[in-house]
Each structure stands twice: as structure tokens, then as C-alpha cells.
There are 2 protein chains.
Amino acid sequence: MKVSILGHGVVGKGVWDMLQGNPNFEVVNVLVKKGEKTADFMTESFDDIWHDDSELVVECMGGVVPAYEFASKCIEAGKSFITSNKALVATHGIDLLNLAVKNNKGFLFSAACGGAIPILQNLHLARKSDSIIWAGGILNGTTNFILDSMDSRAIGFDEALSEAKALGYAEFDPTADISGMDTMRKIMLISMVAYDVLPNSDYNVEGIQTVSAFDFEVAKKMGCTIRLVGRCGLSDSGRLYAYVQPMLCSRSDFYAGVCSNINMAQYEGKNSGVMSFMGQGAGRYPTASNILRDMTSMYEGQSHMLKSKCLFGFANNSSKECEGVYYVRLKSDLIPVLESHCGVDKVLCEKDGKKCVITKPVTVKAMHDIAAELRRKDADVFFAQVKG
Amino acid sequence: MKVSILGHGVVGKGVWDMLQGNPNFEVVNVLVKKGEKTADFMTESFDDIWHDDSELVVECMGGVVPAYEFASKCIEAGKSFITSNKALVATHGIDLLNLAVKNNKGFLFSAACGGAIPILQNLHLARKSDSIIWAGGILNGTTNFILDSMDSRAIGFDEALSEAKALGYAEFDPTADISGMDTMRKIMLISMVAYDVLPNSDYNVEGIQTVSAFDFEVAKKMGCTIRLVGRCGLSDSGRLYAYVQPMLCSRSDFYAGVCSNINMAQYEGKNSGVMSFMGQGAGRYPTASNILRDMTSMYEGQSHMLKSKCLFGFANNSSKECEGVYYVRLKSDLIPVLESHCGVDKVLCEKDGKKCVITKPVTVKAMHDIAAELRRKDADVFFAQVKG
């Protein structure tokens, strides 16, 4: 099968390396950045790939522009398309699916969620013979590295972030990671595969920007640590929920064992029970290995992992499946505001004008709304659901 | 697709339940034990299934006799065959594969390894685009339940085994589980899928029959716990190794987080890195969910997960990949015998005429040979590789 590659960076170069000597694939063209063409197989012009005789294009550029334009043009030109670009799929995945179906071409994106972890393919297979009650997990290596460093070495957020950058685990602009949005995009992809719905409104996203060394001190005293967790699922009434937020989990919980930049993706099947998949969530060869898996699947005839009825939808995070109690750290004089909204079950400690409390049960939507209101009062709030 | 089921016990009944209302499959006959026919769809005679118009037979009886005869007859009668029977596949998997290929019928057995965990399907997919360096993990829920109980509640082996029986986690005759042989059979299946070799000689199997509360006391002082681990892989020279043995692992290691009767299957891909899959390793619906996955794969055209060149082979557990240091508990006066064979690096403690030591590096084969020699001297030995 003739293949061209868009991008020759961390992942694109990994795919190129892995294809050397592969008898099933022949690389036609590789798109590189302006001024970076150093070999015959490279081109700086997308048009060369648009018009070449590749049957499959693999995109590893990242970003929505110009990736979406390139993807559309490739599919319309009769090429199948594989991408590791979660922003592209979370934004235009449904359009690209419809375009691919219309043109009778393939569209796969396993590496866009979980790096090397084959969570999307497994969800795709599992739902054919089981019902997926919920899916999600620890899906961002950058934030997990930061949280694990803060926990294991009692350092502050800024120091942990600097280390993550120095080690290549965080990008120069880490906003998408630490805000939780990267995790949310992966939840969107998981939701597409598990439920045929891309939740593009009313989801709740809380990142780790406000976590502090003090929160880890308190967590440690409780025998807990903190992880950033995304989840989507169906409520009893069949409505989708989808959110990302920090979670306080016991040291003996699986989540606490997910260290450094490792990811753990999970789902609960009605029959299978909870299935957990751990592995490298990013990096050149791990991510490229998942692209190669998609390429092999496509070579053998699989063309989609989405159903053609996949639609945009909104999340409803007010159902009882979204209820839980929260650890909240807040200025002492704002605790009454929190109390009036959701009730406070227990005060854990008070120090330097801040209180750490455990709330009464409250839904994800309510908790995120309360935090937003407190922040409008300029409060420094950190909250994390207490894992049951 | 018309399907008949051999067996109506824990797993067979689960498959039957899950097929109710499934539009893709129609159950023709279910084989039950003599005197247990209570419904029209049941039969007590295999001949009824042999001669019915099912295209696919699902076997959930267990045991090699008469399962092998039934499997052969079904395939020769033009039926595809799916089984959850690891003893059958570990003994006759290659014959059944060849018979299925010759008759152009399917043969799948995902549920025979790992219960609900889709380790065999994932290995089958992964190896198409990656090299599997090793594979294995914690693959027996009965022994994991016993070890976890001994660890968390400081009880003895006999008490933990009785509890496991009372809770239905151990069979009346638990020999296959506690001897490590059940895990070894799963390693054989993993090896077939990952390496096209069924290792049927020279493998090493050590179970947990000799583990004591005292070993857990010592492990606890070291910040460790004990797990039963199976592994196969390829040495640098391309030779297969395959073994099962207890492992001493740090409390912060993933393995320590695999609690109760949970299983964790793993592989390391050259490109993907280490992938770990956790879930229910047994039980009615978890195991049946994996059978349903195989049925769905077969319905969609997948017929095998083995290559037709799959062969019997022997294990070589003397390579450097099989080297490690061991925790050994032994009568003090036999320590010189151990020392003469592999060297002792460190004495951990001495109590009631027993010593616990850490050996110098030694291969799996050498360690198992030494233990066999010590047992010929009637020694009560427990050993566990120290996880690196």
C-alpha cells in the first residue's frame, strides 16, 4: 500500500522509521516544514501529496489548521486517512467520517487517544458484544508527571512543571495539558467510539493549575494522592455525561500506581467488568506504534471505528452517576458560600486563612458551577472528587 | 449465525444468557450433563450437536477429554470452533488449528487466557506491526487472591485457601491453580499467539504451595509483597523462554496494586513499550464477554489468531534474559548447598532454624534446578524472584 506522511516531527519521524523495511507499505512522500527538506522523499508542498499516487495519508502535524483542510483534500482525492491529531478529530471528526464514508475511504485515529494504548480499538471491539457503562481514566502524561512529582518529592506546581518541560514531558505552552482540555479531547474521542456522540457542549473541565503543595500535604495525611481523571458514560436515563477533574484517590488504589507520565485508560463493560489499559501515553515510538496498528488494520480491510450515525451532542453532568463528594481548599471566609451551595461534611484542616473541607454529595456540574462562582469572587480554589 | 454451545455451567450459561436477544446469533442446541436437561434447547447427547445445522460451536466444558474429541468432530463436520478451555488449547491447540485450516473453518480461544482481558486479541494485533519482546503477567485469580489475603491480613496459606474456596475463587481441587500449572497453560497460549511456538517441554513452573506467613513477614519488612508471575519471551539469540514463579515486588510496583482475584496481563512491544491490561480474570460474565468478542470477530470474518506455522517447541530458561536474584527461605543447615550453587548475596534474617537470603544472580532454570535438588533432600524451600 502506498502511503504519504504529513509531518516529520516526533511522531511523523517515528512512523517513517517504523515503515523502513515493512513489506506492506511504501512511502511516497513526506511533508516537512519550509526549509527542512533534506532528502528526496521529502516535500515542502502539500500539493505534491494531494496529487501523488498514495492510497493512504498519515497525518502527524497536530493542530486544526491546516490539518483539517489537508485531511479533507486527501479524502476527496480518494485517499484513506489516519491521524494521531486529537484536536483535529475532536473538532472535525464527524465531518471527516462523513466525508470518508461518502468517498468510500478509511478514517482511523487510534493514536489520538492514549499514545500507545489501544483503548479506542478495544472500545470499538468491546461495544460490539457488550454495553459500555463508562470509559475514561488518566489520559494525560504531562499532568500525571507533574502530580506524581509533587506527590513523591513534595515540590510545588511551578517546579514540577519546569521539570516536566526540561524532560520533554511538557510543551513550551502547556495550557492544553494543565487546563485539562487535552484530556477532554480524548474523552470526546472515547465518547465517539463508545457512544456515537461527540460531546461538544456542557461538558465540565477542571485542570490542575490551582493544585498546591499544601493540597498534597493534606492528601498525604489522608493516605491519598491526586490524579487528573476524565470520564464519560451513560446515565440510567440514557443521557451522556462527560467531564475532566482532579481526583483524590487512596494510595492503595490503582490510580495511585499510575506513576510518572504513564496513562491508564479504562472502561466498564456491563459483562466484562472494569478493564484497565496502562502504557506510554505519548512519545515517538509508542504513538507511532498505534498508528502502525491502524495502518495494519486498514491494510486488512478495517476502514472506520466510528458508526456513521455519530453525532454532536451535549453532556449532562447533573445525573446521579455524576454525584460525589469533593475535597475543596478555599479561603476560610468563603467556606460559608460553599456550604450554602452543597454543604460541608467535614473540615480537614485550617492554615494561613485557608480551609480544606470535604463536601456533602454534589454533582459534577454543581461542583464546577460553584467553583466558577467562587472564582468570580477572586477566590483561589482547588477541588478534587474523592474517589469512592 | 447458528451456534451450539457445549456446556451449561458457569461460563456456558453466561454465553447463553448473553446471546438472548442478540440479532447475529441463534442458539440451536446446548449440551448439558446427563440428567440436567430441563428445557427444549438442551440436549444430553453430543451427537445432536455434531449433526445439527450450527455453523459455530462454542465449548465451555473444560478438560481435555472429551472436549478434544468433540472439537475435532465439530470442525470436521464443517463447524467453526470457539473455546474458553485452556487445557484443551495448551494440549491440542496446534492440531485443532491445523484441522480448522484444512477444513477452512475458524478457531479462536481468547477467553482461555485472562478471562475478560483481551490479551490474546491485542497480542495478535500488536505483533502485526511490532515485535513482542516478552509477554505474561499475573494470570491466575485464585493464587492472587490467596497471596493478597496472606499479605493484607497476615493469615497463613491454608486459611487463605479455605477462604478462596468458600468465596468460589478456588475449586474443590485447587492443584492446577496453586501449582502454577494454570498460569503456565496461559503462558503457552500467549506464546502461541506472540511467537508461533507452544512451549511443551523444558519450561519451569513453581507455584505457591510452599509460601508461608513468615515469608510475608519478611517481605513486608523489605517494603515488598509476593505475586505469582508467568512470562515468556525471546532471548537475544532468538530462543524462547517460558516460566512461572513467585515474585517479590515492591509495594509501589504495579504488581502490588493487582489485588484480590484481579489479573494483569502484559507485553512489551519494541515500539509500544510495556502495555498492561487489568481486569477480571475469571467469572461467568467476564469470561463469557471474551467469548462473545470472539464470536463477533468470527461473524465479521476473523477465523484465526494463530499462524498456521505454529509449532511445538522447548523453552530455554538459561539465557541472560532469565537472570535475576532470588529471595529464598530454607533450613539454615542447607544454606551452604544453595551457596555452592548460586552464591548468597545477603542474609535477611534467621528464625527457628530457617534462614531467608537473597541470592546472587542466577537463571530461572538454575534456580528451579537448585530448588528441586534441595527438595530431594526433603527441604521445605520457598523462592521468589526479586522484581528488578
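Residues numbered from 1 in each chain as written. Chains lettered and ligands numbered in written order. Predicted model: local features only at pLDDT ≥ 70, side-chain atom pairs only at ≥ 80, totals over all residues. Heavy atoms only, no water.

### Some thoughts on the overall build of chain A
The helix and strand tally for chain A stands at 13 helices and 20 strands. Relative to the 2.2 N^0.38 estimate, which gives 21 Å for 388 residues, the radius of gyration of chain A is 22 Å and therefore close to what a compact globule would have. Principal-axis analysis of the C-alpha atoms gives chain A an extent of 65 × 45 × 35 Å. Taking all 388 residues of chain A together, the buried fraction comes to 60%. Contacts in chain A between residues far apart in sequence, at least 24 positions, make up 72% of those at least 6 positions apart. If you sum the accessible surface of chain A, you get close to 14,600 Å²; carbon and sulfur atoms cover 50% of it. In chain A, 40 side chains carry a positive charge and 45 a negative one; their mean positions are 4 Å apart. (Helix = DSSP H or I, 4+ residues; strand = E, 2+ residues; numbered from the N terminus. Rg over C-alpha atoms; globule rule 2.2 N^0.38 Å. Buried < 20%, exposed > 50% of the residue type's maximum accessible area, 1.4 Å probe, protein only. Contact = heavy atoms within 4.5 Å. Areas by Shrake-Rupley, 256 points an atom, 1.4 Å probe, with all protein chains shown as cover. Lys, Arg positive; Asp, Glu negative; His and termini not counted. Charge placed at Lys NZ, Arg CZ, Asp CG, Glu CD.)

### Section: the relation of the copies chain B and chain A
Superposing the two chain copies requires a rotation about an axis and a translation along that axis. Of the transformation superimposing chain B on chain A, the axial component is 0.0 Å and the angular component is 180 degrees, with the fit at an RMSD of 0.0 Å. Overall, the copies show the geometry of a two-fold rotation axis. Distance from the rotation axis, computed per C-alpha, reaches its smallest value in chain B at B:Phe277: 2.3 Å. An overlap of 100% is found between the interface residues of chain B and their copies at the interface of chain A, pointing to a shared contact surface. (Least-squares fit on C-alpha atoms with pLDDT ≥ 70 in both.)

### A few points about the interface of chain B and chain A
Reports of interface size often rely on the accessible area that becomes lost once the parts have come together. Taken together, the contact between chain B and chain A spans 32 residues of the former and 32 residues of the latter. Of all residues in chain B, the largest losses of buried area upon contact with chain A belong to B:Asn271, B:Met278 and B:Arg293, amounting jointly to 24% of the total for that side. On the surface where chain B and chain A come into contact, there are two salt bridges. One salt bridge connects B:Lys128 with A:Glu300, and the closest N-O pair in it is separated by 2.6 Å. At the junction of chain B with chain A, the criterion picks out nine residue pairs in polar contact (both at pLDDT 80 or more). Going through the elements one at a time, α5 (119-129), β12 (262-269), β13 (273-280) and α11 (284-299) of chain B are the ones with two or more residues in the side of chain B that touches chain A. Ranked by residue count, the leading element in the side of chain B that touches chain A is β13(B), at seven residues. Tallied by class, the residues present in the side of chain B that touches chain A amount to 18 nonpolar, 10 polar and four charged. One ladder, built from three bridges, connects strand β13 (residues 273-280) of chain A with β13(B); its direction is antiparallel. When the bridges of β13(B) are listed, A:Ser276 appears paired with B:Met278. (Buried area = accessible area lost by both parts, 1.4 Å probe. Salt bridge = Lys/Arg side-chain N within 4 Å of Asp/Glu carboxyl O. Polar contact = N/O pair within 3.5 Å; in protein donor to acceptor, adjacent residues only side chain to side chain. Nonpolar A, V, L, I, M, F, W, Y, C, P; charged D, E, K, R; others polar. Pairing = 2+ DSSP bridges.)

### Observations concerning unusual backbone geometry
Cis geometry is found at the peptide bond from A:Val65 to A:Pro66, where omega equals 5 degrees. Looking at where A:Pro66 falls in the secondary structure, it is placed in the loop between β4 (56-59) and α3 (67-76). Positioned with a positive phi, B:Asp196 is a non-glycine residue whose angle comes to about 65 degrees. Mapped onto the fold, B:Asp196 is located in the loop between α9 (181-195) and β8 (197-201). In this structure, B:Asp378 is a non-glycine residue whose phi angle is positive, near 70 degrees. Considering the arrangement of structural elements, one finds B:Asp378 in the loop between α13 (364-376) and β20 (382-386).

### Regarding helix α12 (residues 335-342) of chain A
Residues and elements named next belong to chain A. When α12 is considered as a whole, its buried residues turn out to be Ile335, Val337, Leu338 and Cys342. Buried residues of α12 fall within an arc of 160 degrees about the axis and therefore sit on the same side. Looking at the buried positions of α12, the neighbouring elements they touch are β16 (326-331), β17 (344-351), β18 (354-359), β19 (362-363) and α13 (364-376). Gly343 lies just past α12 and shows a positive phi near 80 degrees. (Arc of directions from axis to C-beta.)

### Description of the nonpolar core
Ranked by internal contacts, the top residues of the largest apolar core, which has 206 residues, are A:Met295 and B:Met295. B:Met295 has contacts with B:Val3, B:Val15, B:Leu19, B:Phe25, B:Leu56, B:Val58 and B:Ile82, leaving out every residue within four places of it along the chain. (Core = buried A, V, L, I, M, F, W, Y, C linked by side-chain atoms within 4.5 Å.)

### Some details on the packing of helix α6 (residues 141-153) of chain A against helix α10 (residues 213-221) of chain A
Residues and elements named next belong to chain A. The geometry of α6 relative to α10 is characterised by a closest axis approach of 9 Å and an angle of 65 degrees between their N-to-C directions. Crossing geometry of α6 relative to α10 is assigned as right-handed. Between α6 and α10, the residues in contact are Leu147, Met150 and Asp151 and Ala213, Phe216 and Lys220, respectively. The class makeup of the residues in the contact of α6 with α10 is four nonpolar, no polar and two charged. (Axes fitted to C-alpha atoms, helices over the stretch in contact; angles between N-to-C directions. Left-handed = near helix turned anticlockwise from the far one by under 90°.)

### A few points about the sheet that holds strand β3 (residues 42-43) of chain B
Residues and elements named next belong to chain B. Strand order in the open sheet formed by six strands is β3-β2-β1-β4-β5-β6, and the pairing between neighbours is parallel. The two strands at the open ends of the sheet, each matched to only one other strand, are β3 and β6 (107-108). With four bridges connecting them, strand β4 (residues 56-59) and strand β5 (residues 80-83) associate as parallel partners. Within the sheet, the bridge partner assigned to Leu56 lies in β5 and is Ser80. The strands touched by α11 are β1 (2-6), β4, β5 and β6; relative to β5, the strand with the most contacts, the crossing angle is about 160 degrees.

### With respect to the confidence of the model for chain A
For chain A, per-residue confidence averages 95 on the pLDDT scale, and 100% of positions sit at 70 or higher. We note a pTM of 0.94 for the whole complex and an ipTM of 0.92 for its interfaces. (pLDDT = per-residue confidence, 0-100.)

### Notes on the pairing of strand β17 (residues 344-351) of chain B
Residues and elements named next belong to chain B. With six bridges connecting them, β17 and strand β18 (residues 354-359) associate as antiparallel partners. From the neighbouring strand, Val347 faces β18, where its bridge partner is Val357. Hairpin connection from β17 to β18: two residues lie between these consecutive antiparallel strands, with Asp352 at a positive phi of about 50 degrees.

### Structural notes on the packing of helix α1 (residues 10-19) of chain B against α11(B)
Residues and elements named next belong to chain B. Direction vectors running N to C along α1 and α11 enclose 60 degrees, while the axes themselves pass 8 Å from each other. As judged from the angle between their axes, α1 and α11 are oblique. Considering only the axes of α1 and α11, their crossing is right-handed. Where α1 abuts α11, its residues Val10, Val11, Lys13, Gly14, Val15, Asp17, Met18 and Leu19 lie against Arg284, Tyr285, Thr287, Ala288, Ser289, Ile291, Leu292 and Met295. Classifying every residue of the contact of α1 with α11 gives 10 nonpolar, three polar and three charged. (Parallel < 35°, antiparallel > 145°, perpendicular 65-115°, else oblique.)

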